[in-house]
There are 6 protein chains.
Amino acid sequence: MSPEIDQYLVRNMPYYRTVADEVDLYEAAYSVRMPMMLKGPTGCGKTRFIEYMAWKLGKPLITVACNEDMTASDLVGRFLLDASGTRWQDGPLAIAARFGAICYLDEVVEARQDTTVVIHPLTDARRVLPLEKKGELVQAHPDFQIVISYNPGYQSLMKDLKQSTKQRFGALDFNYPAHDIETEIVAHETGVSVEIAGKLVSIAERARNLKGHGLDEGISTRMLIYAGSLITKGVEPLAACHMTLVRPITDDPDMRDALDAAVSTFF
Amino acid sequence: MSPEIDQYLVRNMPYYRTVADEVDLYEAAYSVRMPMMLKGPTGCGKTRFIEYMAWKLGKPLITVACNEDMTASDLVGRFLLDASGTRWQDGPLAIAARFGAICYLDEVVEARQDTTVVIHPLTDARRVLPLEKKGELVQAHPDFQIVISYNPGYQSLMKDLKQSTKQRFGALDFNYPAHDIETEIVAHETGVSVEIAGKLVSIAERARNLKGHGLDEGISTRMLIYAGSLITKGVEPLAACHMTLVRPITDDPDMRDALDAAVSTFF
Amino acid sequence: MSPEIDQYLVRNMPYYRTVADEVDLYEAAYSVRMPMMLKGPTGCGKTRFIEYMAWKLGKPLITVACNEDMTASDLVGRFLLDASGTRWQDGPLAIAARFGAICYLDEVVEARQDTTVVIHPLTDARRVLPLEKKGELVQAHPDFQIVISYNPGYQSLMKDLKQSTKQRFGALDFNYPAHDIETEIVAHETGVSVEIAGKLVSIAERARNLKGHGLDEGISTRMLIYAGSLITKGVEPLAACHMTLVRPITDDPDMRDALDAAVSTFF
Amino acid sequence: MSPEIDQYLVRNMPYYRTVADEVDLYEAAYSVRMPMMLKGPTGCGKTRFIEYMAWKLGKPLITVACNEDMTASDLVGRFLLDASGTRWQDGPLAIAARFGAICYLDEVVEARQDTTVVIHPLTDARRVLPLEKKGELVQAHPDFQIVISYNPGYQSLMKDLKQSTKQRFGALDFNYPAHDIETEIVAHETGVSVEIAGKLVSIAERARNLKGHGLDEGISTRMLIYAGSLITKGVEPLAACHMTLVRPITDDPDMRDALDAAVSTFF
Amino acid sequence: MSPEIDQYLVRNMPYYRTVADEVDLYEAAYSVRMPMMLKGPTGCGKTRFIEYMAWKLGKPLITVACNEDMTASDLVGRFLLDASGTRWQDGPLAIAARFGAICYLDEVVEARQDTTVVIHPLTDARRVLPLEKKGELVQAHPDFQIVISYNPGYQSLMKDLKQSTKQRFGALDFNYPAHDIETEIVAHETGVSVEIAGKLVSIAERARNLKGHGLDEGISTRMLIYAGSLITKGVEPLAACHMTLVRPITDDPDMRDALDAAVSTFF
Amino acid sequence: MSPEIDQYLVRNMPYYRTVADEVDLYEAAYSVRMPMMLKGPTGCGKTRFIEYMAWKLGKPLITVACNEDMTASDLVGRFLLDASGTRWQDGPLAIAARFGAICYLDEVVEARQDTTVVIHPLTDARRVLPLEKKGELVQAHPDFQIVISYNPGYQSLMKDLKQSTKQRFGALDFNYPAHDIETEIVAHETGVSVEIAGKLVSIAERARNLKGHGLDEGISTRMLIYAGSLITKGVEPLAACHMTLVRPITDDPDMRDALDAAVSTFF
């Protein structure tokens, strides 16, 4: 494997706690190289899942955090000036297609609808990527697969995937794990006791009921891990929760009271 | 044939199931090099048809996925820096015009109305492409033809072709194939039995009735092929249908129920 | 004549059927080098007319398809990088002014109002073109004339020529030709019989009455020539008319029925 | 005088018919190098006046047609790539300030309000032009003066000069000349008889009453000169008037009738 | 002192008529290098004041006329191409910080709110300017001070300084001088008699009462100096006032009548 | 330590008056390298706090003043032209990640939501920064931490952090210090007596009650230090307060009266 792609191999098994049949379904999808869409709220484990799958399948993983300013060139590549004129620099999508990586476009809705169009020829039977500026037609490597993440709660009138893009993907739904599984995850990742981890999860579950009633998103598993890490470092649970579960996500006094009350119930 | 254009030849016969007289009409249009517009919904086979025709006519095919950021230069070409100064790089439209390829502008409505204007001189009696930045007037090769795709369901106030562009094209309508033909296609492309393929087509037919009642587009033939491929790999038909026909296209609980019901009727 | 301008000479007499006194009026305007504006709907023959006049006057013709992204530099010229630094590249307007061509700005309303301002110094008594980036003041060649096309049906609140631009041009009105003349044109250009050509013109005349009642533009002479060409190639008149006169311009079922009825009346 | 500025000298006396005390007032303003604003409708002679004054004062005249895309660099200058790196290229404003020309910014409202700000340091006691990109402070040549044109009928909410810009200029009002003077001008410039010239002026006077009642601007002196030139070339007065006074400025049938009636009254 | 900064020294004492304690307060502010904001209407003497203070303190003065297109790079600097690659070019703010000049940002509200943010690190205790593109952290020279001007009458919803910017400045208010002082200024600057100067000031005082009643700004001291200069050159006071006090600032007939009346009262 | 990063070390202990447990909580957060968000109004000491913590932890501090024009390249780096072609220049975020600095993004809401996305991979378990244009994946140095500041009073519909960004940070709340602490700070920083410092703080406390009633923000500690510095330099307290506490933040006459009254109460 060339060094260019080698750096994208996931070397250590990422910790991932299987929830249902998502690992098997993904493997079937990968076996036919079906483009995949991972759907679910912020911080529920989509990125961790794809890292785990890349490790399990032994394929390099190239992750691209999508944003509104991303141009087609940022994905596909561009000419750079060199001592001897111009030199073509493959973008992350071209590298993935050429060398057979899994290309993971994170928060793809952030990209402009029309930038997303450049992935179309990689998602149908042709599996090609035209580098129009270079005049080259890259035939995707047999191992290449494209995966995107998508947060349904984010869809707005302005930003949604085009129907003609959505139709090109199979999809897996993700959500926050069940109480016991999430407790296990928090304990494993932070070193707090199962009892404390369970309390943190209970706080999160209360807060998630506030979603749509003043909170845009619930408290994620990632935030619980932040709280747990501080507790392990000796910070008072109350202070740790305020610092990681309450203050970051709201400045509304009533909402802060509601979240504080949830915290105080358990600590 | 130069290697520059040679890579665009379609070497193997693409699988295309003729529906009506579309192949004959297209051949007549090509014989007078009439610019053509392929109209129809996402994933119904327009791209496959033009690949088949390019193969049948033995002409190279250059496909451009149009998008809002595409500039005239992306179609026509630009100067690149070189060791010895600047070098002109033909864009895909210029390559097609110069060497006599079929140039297929996919989802042309995505491009800015005014970018589309650069194709006008290639669509009237002159058949020329002015490379204004280079100061060259390319006379189109006798084999050159321009083809665009157009999804009528997509037209919006913001994005539609200008009347003066539309008038420059002959048009063919495409739609999802009739039940038996679509069944034959799904079975052929995925290896599932005709019985299973027929069930998948029936699910799609139900879902297509929901178009405009909460679904922007129906389930396409391409999506049925995704479902079939997973079934061939041993995935449960129910899980395969959820993953490929339901989850990708809607997050609305009611719509998901409606689609799930359609799936459950047949599996 | 330098080769740079030589390629813009119209070598063969374009077929143009005189309708009224437009050829004489244009010759008078050219004799005083009055800037001219050709007004009329899409596809009625404005471009053909100016090609014919350029041929008749024996002057080179440089056509620029205007679009919203066209900058002043696209008309006037720019510096290009070269082995020995930068090299000035005249734009089409500068070439025309320098070497004495007729410069035809097609669909000039598409250009941004303010880009059009660069033609002002060429349209008053000074007849100069300042190449500000190069620090040169080009005095127009005695043969130079500027001509623009303008589709009155297109004017919108957003896009119209500024009054101070309009006032700098003399204007000629164009419209679809009278029945017999248009029949003659269609027969001449496609090889169909006068009878068939007459039927095609009659269909167009009916459709033109629908303009403003659901159709943005009527059926143009160019579209009739498309229909005629297919009929000459052996396509059924009905199929040829659907493909070239109906499908390209509307997807509205009622409008399609109305146009189909017009076609069926004659074939 | 350096050749760079020499090309901007007005060599032949431009024809200008003095209307009131505008020549004397301008000379007084120039004697204190007061920045001047020429106000008046399109085509009434502002540009001709400034050319005449430049000739009379024996100063070079650099005219810049302002537009919305004009950046500060277009006025001030920029670095260009050269065989030996970059080379500074003065813009028209910098050339005028450095060598002592009159710099005439035509239709200055078209420029973005904030681009206009670059002229401020040249209009107060300092009379300097900072070339910020070059790190140079150009002290204006004693002969330098800045002049702008301004069409009051054009002001809109979006486009007007900032008050802090207006206050930096003295102003002269211009309008269409009185009947006899305008007749004299048209006859002089086109060679038609005084009688015909008078008729053309009378038509214009009627049309100018329609301004604000369906016409954005009246018929300008420049348009009358167009009409006269065609008549001199043997075109029928009626045809000449339609081509130059009616068709260019309106497509509204009622307005065309009104203008045609005015024409028919006199020819 | 390096020649780069030397050109910004104010060599001759600018004429400035002290109004109150503004000179002392400014000197105190400069002694602690407090960033200063000069507030007041157009043309009342803010620029003259800062030039006078720079001369009095013997510090170089770098003035930047702010505008909406000004980028952070225009203030801070950029890389330029050179024979031997790229060369860093300090912007005016970086020159001022490096060599210890007073940097005067004129009409700072015109700049985009967020461009202004680059001055923040120079206005707090750190007094640094990060040249992020160059990877250098410029520690401001002990003599460096930043001064901005601000016209309170200009504030709009779209354009105002951010509160977090305003808080970083001490502020001095400026206004048109009292009658006798303004008379003295006009007489001194133009050479007209004190009587005539007093009449001009009286006209201005009347016009300033119209501010907000149809006039955006009153008549400034600068405009009175324009009028006086023309009168010194022999222009009739009435004509001089029309040309410099009335026509430049309004085209509204009623407002012109009101201003003309004010002029006629005194001349 | 390389010189590139060495310049970012805070060499002298910044004066910071601890208010509560913020120093301990921050140290715990740093010990797990948790990304931190400092929340609070303008000028209350957030920047000073992070400088103090960087000094206390002995880590370099790279501060970036965020603004709307900041692109991902401004944070991450870009290619520069060099004598021998292009050379990669790390941006401040890449330098911080590579060499182990604390990277402080000041007023992060000013940056476009989507530019902020580039920090995501540095805030989850991966702690990587993809330099996509260079094709390099930077693994963050063990000492690296990311800190952002956030003014809750600034949130608007247009500008707020995305929920998926907020969730990646622990948060500390900041506010103006209690009366005695603020008095101590003002006296320490300016050299005025505790009595005068206390009066200044009392004025600020009155003004802060006006926040939301005509004042966008209250008077900050920074502004009190400005006032104190002028008083130390011998400026009358009344004049010093007007110049630093009143004029900079409001032009509304009523509000100025209210603030003046507050000042007069104490001086």
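Residues numbered from 1 in each chain as written. Chains lettered and ligands numbered in written order. Predicted model: local features only at pLDDT ≥ 70, side-chain atom pairs only at ≥ 80, totals over all residues. Heavy atoms only, no water.

### Regarding the overall build of chain A
Argument step 1. From N to C terminus, chain A includes twelve helices and nine strands.
Argument step 2. Projected onto the principal axes, the alpha-carbon positions of chain A cover approximately 65 × 40 × 40 Å.
Argument step 3. Here chain A, with 267 residues, has 62% of them falling under the buried criterion.
Argument step 4. Placing the 28 positive and 36 negative side-chain charges of chain A at their respective mean positions leaves the two points 5 Å apart. (Helix = DSSP H or I, 4+ residues; strand = E, 2+ residues; numbered from the N terminus. Buried < 20%, exposed > 50% of the residue type's maximum accessible area, 1.4 Å probe, protein only. Lys, Arg positive; Asp, Glu negative; His and termini not counted. Charge placed at Lys NZ, Arg CZ, Asp CG, Glu CD.)

### As for the pattern of salt bridges
Argument step 1. Tallying each qualifying case throughout the model produces 108 salt bridges over all chains.
Argument step 2. For the salt bridge of A:Asp173 with B:Arg247, the shortest nitrogen-to-oxygen distance reads 3.5 Å. Taken together, the residues span two chains, with A:Asp173 in strand β9 (residues 170–173) and B:Arg247 in the loop between α11 (237–246) and α12 (253–266).
Argument step 3. Look at A:Asp173 and you get partly exposed, because its relative accessible area is 37%.
Argument step 4. Of the charged contacts in the structure, one is a salt bridge between D:Glu51 and C:Arg126, with a shortest N-O distance of 3.5 Å. One end of the pair, D:Glu51, is in helix α3 (residues 46–57); the other, C:Arg126, is in the loop between α6 (120–123) and β6 (128–131), on a second chain.
Argument step 5. By relative accessible area, which is 17% here, C:Arg126 ends up buried. (Salt bridge = Lys/Arg side-chain N within 4 Å of Asp/Glu carboxyl O.)

### Concerning the UniProt feature "domain: CbbQ/NirQ/NorQ C-terminal" (unreviewed entry) in chain A
Argument step 1. The positions UniProt marks with the feature "domain: CbbQ/NirQ/NorQ C-terminal" (unreviewed entry) are residues 182–265 of chain A.
Argument step 2. With 70% helix and 0% strand, residues 182–265 of chain A has its two end C-alpha atoms placed 19 Å apart. (UniProt positions renumbered as here; feature names shortened; annotations may be inferred.)

### Some thoughts on the interface of chain F and chain A
Argument step 1. Between chain F and chain A, the residue contacts involve 44 residues of the former and 45 residues of the latter.
Argument step 2. Across the chain F to chain A interface the summed buried area is about 3800 Å²; carbon plus sulfur atoms make up 53%.
Argument step 3. In this assembly, chain F and chain A are joined by four salt bridges.
Argument step 4. Of the charged contacts in the structure, one is a salt bridge between A:Asp251 and F:Lys39, with a shortest N-O distance of 2.7 Å.
Argument step 5. For the interface between chain F and chain A, the tally reads twelve residue pairs in polar contact (both at pLDDT 80 or more).
Argument step 6. Where the side of chain F that touches chain A is concerned, the elements lending two or more residues are α2 (22–31), β1 (36–39), β3 (77–82), β4 (85–90), α6 (120–123), β7 (136–139), α7 (163–166) and β9 (170–173) of chain F.
Argument step 7. Among the residues forming the side of chain F that touches chain A, the class breakdown is 18 nonpolar, 13 polar and 13 charged. (Contact = heavy atoms within 4.5 Å. Buried area = accessible area lost by both parts, 1.4 Å probe. Polar contact = N/O pair within 3.5 Å; in protein donor to acceptor, adjacent residues only side chain to side chain. Nonpolar A, V, L, I, M, F, W, Y, C, P; charged D, E, K, R; others polar.)

### As for the relation of the copies chain F and chain A
For the pair of chain copies, the relating transformation is a rotation about an axis with a translation along it.
Argument step 1. Once chain F is rotated about the relating axis by 60° and shifted along it by 0.0 Å, it coincides with chain A to within an RMSD of 0.0 Å. On this basis, the relationship between the two copies can be described by a six-fold rotation axis.
Argument step 2. Of the residues that chain F buries at the interface, just 2% are likewise interface residues in chain A, meaning the two copies contact each other through different surfaces. (Least-squares fit on C-alpha atoms with pLDDT ≥ 70 in both.)

### Some points on the relation of the copies chain B and chain A
Argument step 1. With an RMSD of 0.0 Å, the fit of chain B onto chain A corresponds to turning through 60° and sliding 0.1 Å along the axis.
Argument step 2. Counting the interface residues of chain B, we find that no more than 2% of their copies in chain A are interface residues as well, pointing to two distinct contact surfaces.

### Points about the interface of chain B and chain A
Argument step 1. If you look at the interface, chain B gives 45 residues, while chain A gives 44 residues.
Argument step 2. Taken together, the two surfaces of chain B and chain A that pack against each other cover about 3800 Å², and 52% of this comes from carbon and sulfur.
Argument step 3. Counting every contact that joins chain B to chain A gives four salt bridges.
Argument step 4. Our count for the contact surface shared by chain B and chain A stands at eleven residue pairs in polar contact (both at pLDDT 80 or more).
Argument step 5. Looking at the side of chain B that touches chain A, the elements with two or more residues in it are α3 (46–57), β2 (61–65), β3 (77–82), α10 (221–232) and α11 of chain B.
Argument step 6. Among the elements that line the side of chain B that touches chain A, the one with the most residues is α10(B), at five residues.

### Things to note about the sheet that holds strand β1 (residues 36–39) of chain C
All names here are of chain C.
Argument step 1. Read from one edge of the open sheet, five strands run β2-β5-β8-β1-β9, paired in parallel fashion. This sheet does not close on itself; its edge strands, each paired only once, are β2 (61–65) and β9 (170–173). Across this sheet, the average inter-strand angle for adjacent strands is 20°, counted without regard to direction.
Argument step 2. Examined bridge by bridge, strand β5 (residues 102–106) and strand β8 (residues 145–150) share four bridges and lie parallel to one another. Across the sheet, residue Leu105 finds its bridge partner in β8, namely Ile148. (Pairing = 2+ DSSP bridges. Axes fitted to C-alpha atoms, helices over the stretch in contact; angles between N-to-C directions.)

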